[in-house]
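Now for the letters of each chain:
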Amino acid sequence: MGASLPPKEANLFKLIVKSYETKQYKKGLKAADAILKKFPDHGETLSMKGLTLNCMDRKAEAYELVRLGLKNDLKSHVCWHVYGLLYRSDREYREAIKCYRNALRIDPDNIEILRDLSLLQAQMRDLSGFVETRQQLLTLKPNHRMNWIGFAVAHHLNSNASKAIDILEAYEGTLDDDYPPDNERCEHGEMLLYKISLMEECSFLERALEELHKKEFKIVDKLGFKEHEVSLLVKLGSLEDGEKLYRMLLSMNPDNYRYYEGLQKCVGLSSKSHCYSSEEIDRLESLYKSLGQQYNRSSAVKRIPLDFLNGEKFREAADNYIRPLLRKGVPSVFSDLSPLYDHPGKADILEQLILELEHLIRTTGGYPGRTEEEPPSTLLWALFYLAQHYDRRGQHDIALVKIDEAIKHTPTVIDLYSVKARILKHAGDLVAAAALADEARCMDLADRYVNSDCVKRLLQADQVALAEKTAVLFTKDGDPHNNLHDMQCMWYELGSGESYFRQGDLGRALKKFLAVEKHYADITEDQFDFHSYCLRKMTLRTYVEMMKFQDRLHSHNYFRKAAAGAIRCYIRLYDSPSKSAAEEDDEMSKLPPSQKKKMRQKQRKAEARAKKEAEVKNEETNVSVVSKSGKRNVKPVDLDPNGEKLLQVEDPLLEATKYLKLLQKHSPDSLETHLLSFELNMRKQRTLLAFQAVKQLVRLDAENPDSHRCLIRFFHKLGSMPTPVTDTEKLIWAVLEAERPTFSQLHAKSLTEANTLFLEKHKDSLMHRAAVAEMLHVLDPSNKTEAIKLLEDSSNNLVSGNGALGPVREWKLKDCVAVHKLLGTTLNDRDAALRWKVRCAEYFPYSTYFEGSHSSAIPNSAYNQTHKNPENGGATHLDALHKPEFISSNGKVEKLEASFKDLVV
């Protein structure tokens with residue numbers, strides 16, 4: 001390194017390297033310039049100068065200098081290494097690996113290059129190469145602990161855990177008997193637990209337990225030790241010892257649900273399906289009674305029996321569990337008990353129980369069996385629970401009565417307004433829900449959660465500008481859009497994207513969806529620094545878990561929503577392409593000269609305004625502080641805030657395919673993935689890929705209405721295709737004809753017969769009837785009248801149950817909206833759509849979509865009458881949401897932000 005230079009310049013070259021490592025870039029640049037004055041063609045100096053400039057955000061110059069340096073000295077490992085570092089800084093990992101390999105051809109034993117290469121191989125999951133590189137590092141430096149550990153982890157990640165155990169045992173053989181010293185006990189203990197977890201993974205259970213007991217005094221993490229020990233005991237069948245150990249763990253933490261599950265397994269009362277015989281329920285009841293006496297302050301020991309008890313015993317246990325929580329005023333009681341609503345009959349018991357408690361508190365002032373009176377807040381929280389209960393059951397009118405009574409009882413509790421907003425949202429009045437959520441927000445301007453809840457409701461009501469204005473109250477000063485993006489606020493970006501999509505603004509919608517995809521790419525990149533950190537700090541178990549988590553990162557629900565949203569945007573862009581510049585010019589030429597002149601003037605003014613705004617933003621960001629290292633902290637300006645450039649793609653379906661492949665790889669068991677694949681490939685006329693999507697849909701859920709639609713549509717399309725001519729077309733046709741009988745729905749049946757049979761199986765389901773009606777129209781457009789009759793003959797049946805306050809009907813609001821859109825668009829019958837709207841307005845009186853009698857969409861509705869504020873001239877939150885400037889409930893206009901920032905520091 002710098003060997004071809006005279007001593008003075010060689011020392012200057014070392015100074016460049018040291019300045020780079022210590023981030024003193026200006027100093028390093030000065031030293032590089034001093035060398036290049038005498039030796040302007042010195043390749044390694046040119047490369048190091050380029051690397052320094054890269055750290056000062058002068059990338060174009062950096063690449064030019066590094067390439068020039070490499071050209072002048074192709075046989076220098078330094079030049080190749082620097083070129084690799086440059087690519088690595090730009091996340092071009094594959095190119096960086098090529099550069100490192102070229103450097104290693106010149107200097108095969110360079111520790112630095114091998115270490116950098118191993119990090120990239122771990123990042124790119126080149127696991128066989130990772131094993132090879134870590135072996136080279138161990139061979140070159142066998143006295144370095146990190147090299148042994150790295151080699152073992154590499155084998156583990158490469159699915160060779162037994163080899164990893166051998167390596168760790170070989171490493172232990174090199175240590176003294178009194179190892180580790182006090183300052184390394186934690187790291188060594190972590191390594192031992194990692195080795196034992198490897199033995200457990202390889203099913204060497206007895207050996208792992210023996211090793212655990214043998215090395216107990218060297219393991220610092222005593223809780224981790226006990227959890228490993230009990231896991232091994234249970235797997236080995238030593239259930240009595242496991243039971244003792246689980247009871248010991250429960251004495252340390254009596255609210256850990258995993259310990260209770262383990263204890264149940266040890267006493268033979270474990271069930272994956274949570275279905276127990278009456279004898280097992282009795283044994284479980286006695287077990288938890290004894291545990292309850294032992295840990296009477298634990299909430300878990302009281303909550304778990306509600307999952308397996310039934311009937312009168314469940315009622316008694318629920319009564320004992322709920323009473324103290326209502327007395328204490330715990331707002332999360334309903335969230336805690338909501339999983340029980342999936343158990344048959346338990347929702348009815350809970351309803352009757354809370355109604356009785358409410359009645360007793362009203363009449364006697366206390367619980368039965370107690371002489372002292374309950375505090376007034378107990379009634380409040382009982383009403384609060386009942387409101388959420390009836391909302392969950394779809395009885396929104398009763399839920400609103402209960403929550404209004406609670407608000408009247410104590411109008412200062414913020415949670416009441418948030419829950420009322422949620423009820424109205426479920427009932428279909430999104431604007432009123434947003435107004436109430438904002439009212440809750442204004443009651444505590446320093447509460448980030450309530451602020452976020454308000455933003456969510458505003459987005460659902462398609463008030464995006466107001467939502468952003470509210471969201472940025474909790475961000476830093478500066479560009480609010482960039483702040484929200486830097487915070488990786490994905491729920492906000494998804495909500496904005498979905499709102500823009502509903503409004504038909506595809507550019508902004510795509511912008512938001514792709515921003516979420518960018519966050520996942522950043523999360524993937526963020527793991528890079530941990531490849532060396534975790535090996536150095538010996539957090540090996542957590543490191544392996546992190547690697548596994550990263551491998552399934554893109555299966556997360558947020559990414560699935562963002563990718564699906566982007567695909568839908570591209571499909572809609574393909575179906576309704578935006579106008580090209582030539583088409584706009586043609587339309588302009590048809591206008592009269594006076595209008596043409598006005599249009600051009602407007603365009604020029606808009607362009608000038610946009611240019612000026614961009615310049616102002618550039619000036620603001622360019623006046624940034626230059627650090628001592630010479631690096632500018634400049635934030636890039638968004639040159640396409642409205643996503644217009646994203647719409648100017650040549651092939652929208654090709655762009656959509658990129659995201660579809662990610663969904664197919666990471667979410668193969670999601671119906672939505674294959675529905676999107678079907679829609680995309682039908683438009684691309686990729687028959688076999690569309691057929692593959694149909695097969696996956698039928699495999700996942702053959703009775704789903706969307707699966708039925710795709711199956712019928714595909715084979716109907718196939719039947720209308722022209723006779724195959726080419727050999728390829730004939731082969732595809734033969735494959736599809738051979739595959740058709742494999743579908744039980746179509747075996748020896750026509751498509752019409754299959755459609756009729758599907759209706760007979762699901763005649764009581766609205767969405768299944770809608771699918772059948774749509775396919776009737778697709779198979780034969782003359783069946784339009786029959787299809788409409790099929791939908792209008794649907795009946796909204798009552799759901800079986802023992803609810804105390806009124807019936808619950810089957811139809812859901814979103815399903816009825818989908819049927820209305822089907823009648824108005826696909827079947828194209830406005831009269832039928834209007835009849836359906838009138839009918840649904842009765843079932844959903846709070847729905848603004850159907851203009852229900854109680855919704856905020858009706859000026860003189862009951863809702864609007866009860867929410868007038870005479871002190872403020874009749875203005876309400878609903879009125880404010882429709883105005884350009886937002887008026888908060890406390891009468892402040894536009895001063896909200898300033899007052900808020902005084903509160904939040």
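Thresholds applied
- Residues numbered from 1 in each chain as written.
- Predicted model: local features only at pLDDT ≥ 70, side-chain atom pairs only at ≥ 80, totals over all residues.
- Heavy atoms only, no water.
- Helix = DSSP H or I, 4+ residues; strand = E, 2+ residues; numbered from the N terminus.
- Buried < 20%, exposed > 50% of the residue type's maximum accessible area, 1.4 Å probe, protein only.
- Contact = heavy atoms within 4.5 Å.
- Areas by Shrake-Rupley, 256 points an atom, 1.4 Å probe, with all protein chains shown as cover.
- pLDDT = per-residue confidence, 0-100.
- Salt bridge = Lys/Arg side-chain N within 4 Å of Asp/Glu carboxyl O.
- Phe/Tyr/Trp six-rings, centres within 6.5 Å; stacked < 30°, edge-to-face > 60°.
- Core = buried A, V, L, I, M, F, W, Y, C linked by side-chain atoms within 4.5 Å.
- Patch = residues over 30% accessible without salt bridge, like charges linked within 9 Å, V, L, I, M, F, W, Y side chains within 5 Å.

### A few points about the overall build of the chain
Phase 1 of the analysis: A tally of regular secondary structure across the chain gives 48 helices and zero strands.
Phase 2 of the analysis: The buried share of the chain, reckoned over its 905 residues, is 47%.
Phase 3 of the analysis: A separation threshold of at least 6 residues defines the contact pool for the chain, and within that pool the share at least 24 residues apart is 59%.
Phase 4 of the analysis: Summed over its atoms, the accessible surface of the chain is roughly 47,300 Å², and 51% of this surface lies on carbon and sulfur atoms.

### Some details on the confidence of the model for the chain
Detailed reading of the predicted coordinates is not advisable wherever pLDDT is low.
Phase 1 of the analysis: On average, residues of the chain score 88 in pLDDT, and 87% of them reach the 70 mark or higher.
Phase 2 of the analysis: Low confidence marks residues 882-905, where pLDDT is under 50. Its contacts with residues over four positions away, or in another chain, come to 36 contacts.

### Some words on the pattern of salt bridges
Phase 1 of the analysis: Enumeration over the complete set of coordinates arrives at 54 salt bridges.
Phase 2 of the analysis: Note that Arg207 and Glu169 form a salt bridge whose closest N and O atoms lie 3.0 Å from each other. One end of the pair, Arg207, is in helix 12 (residues 205-214); the other, Glu169, is in helix 10 (residues 161-173), with 38 residues separating them in the sequence.
Phase 3 of the analysis: Of the residues examined, Glu169 reaches a relative accessible area of 29% and is grouped as partly exposed.
Phase 4 of the analysis: Put simply, Lys215 and Glu172 hold a salt bridge, and the shortest N to O gap is 2.8 Å. Placement of the pair is Lys215 in the loop between helix 12 and helix 13 (222-236) and Glu172 in helix 10, with a sequence separation of 43 residues. As far as the burial class goes, Lys215 and Glu172 line up, both buried.
Phase 5 of the analysis: Salt bridges linked by common partners bring Glu172, Lys195, Glu211 and Lys215 together as one network.

### Section: the packing of aromatic side chains
Centre-to-centre distance and the angle between the planes together describe a pair of aromatic rings.
Phase 1 of the analysis: This structure, assessed with the given rule, holds 22 aromatic pairs.
Phase 2 of the analysis: Judged by centre distance (6.3 Å) and plane angle (90 degrees), the ring pair of Phe530 and Tyr533 falls under edge-to-face. Residue Phe530 and its partner Tyr533 are located together in helix 31 (residues 530-537), separated by three residues, close to a single helical turn.
Phase 3 of the analysis: A residue is classified by how much of its surface remains accessible, and Phe530, at 39% relative accessible area, is partly exposed.
Phase 4 of the analysis: When its relative accessible area of 38% is taken as the criterion, Tyr533 is described as partly exposed.
Phase 5 of the analysis: Note on Phe714 and Phe715: the rings are 5.2 Å apart at their centroids and 85 degrees apart in plane angle, and the pair reads as edge-to-face. A single burial state applies to Phe714 and to Phe715, both of which are buried.

### Examining the environment of Ala387
Phase 1 of the analysis: Its location among the elements puts Ala387 in helix 22 (residues 376-392).
Phase 2 of the analysis: Each C-alpha atom, one on Ala387 and one on Glu405, is 9.7 Å from the other, the two residues being 18 residues apart in sequence.

### Regarding the nonpolar core
Nonpolar side chains tend toward joint burial in soluble globular proteins.
Phase 1 of the analysis: Ile149, Tyr260, Tyr288, Leu291, Ile322, Leu337 and Leu350 are the most contacted members of the largest nonpolar core, which totals 164 residues.
Phase 2 of the analysis: Excluding residues that lie within four positions of it along the chain, Leu337 makes contacts with Arg303, Leu306, Tyr321, Ile322, Leu350 and Tyr385.

### Topic: a nonpolar patch on the surface
Phase 1 of the analysis: Among the surface-exposed residues, Leu223, Met248 and Met252 lie close enough to one another that they form a single nonpolar patch of about 270 Å² accessible area.
Phase 2 of the analysis: Here Met248 is to be found in helix 14 (residues 239-252).
Phase 3 of the analysis: Looking at Met248, the relative accessible area reads 40%, which means it is partly exposed.

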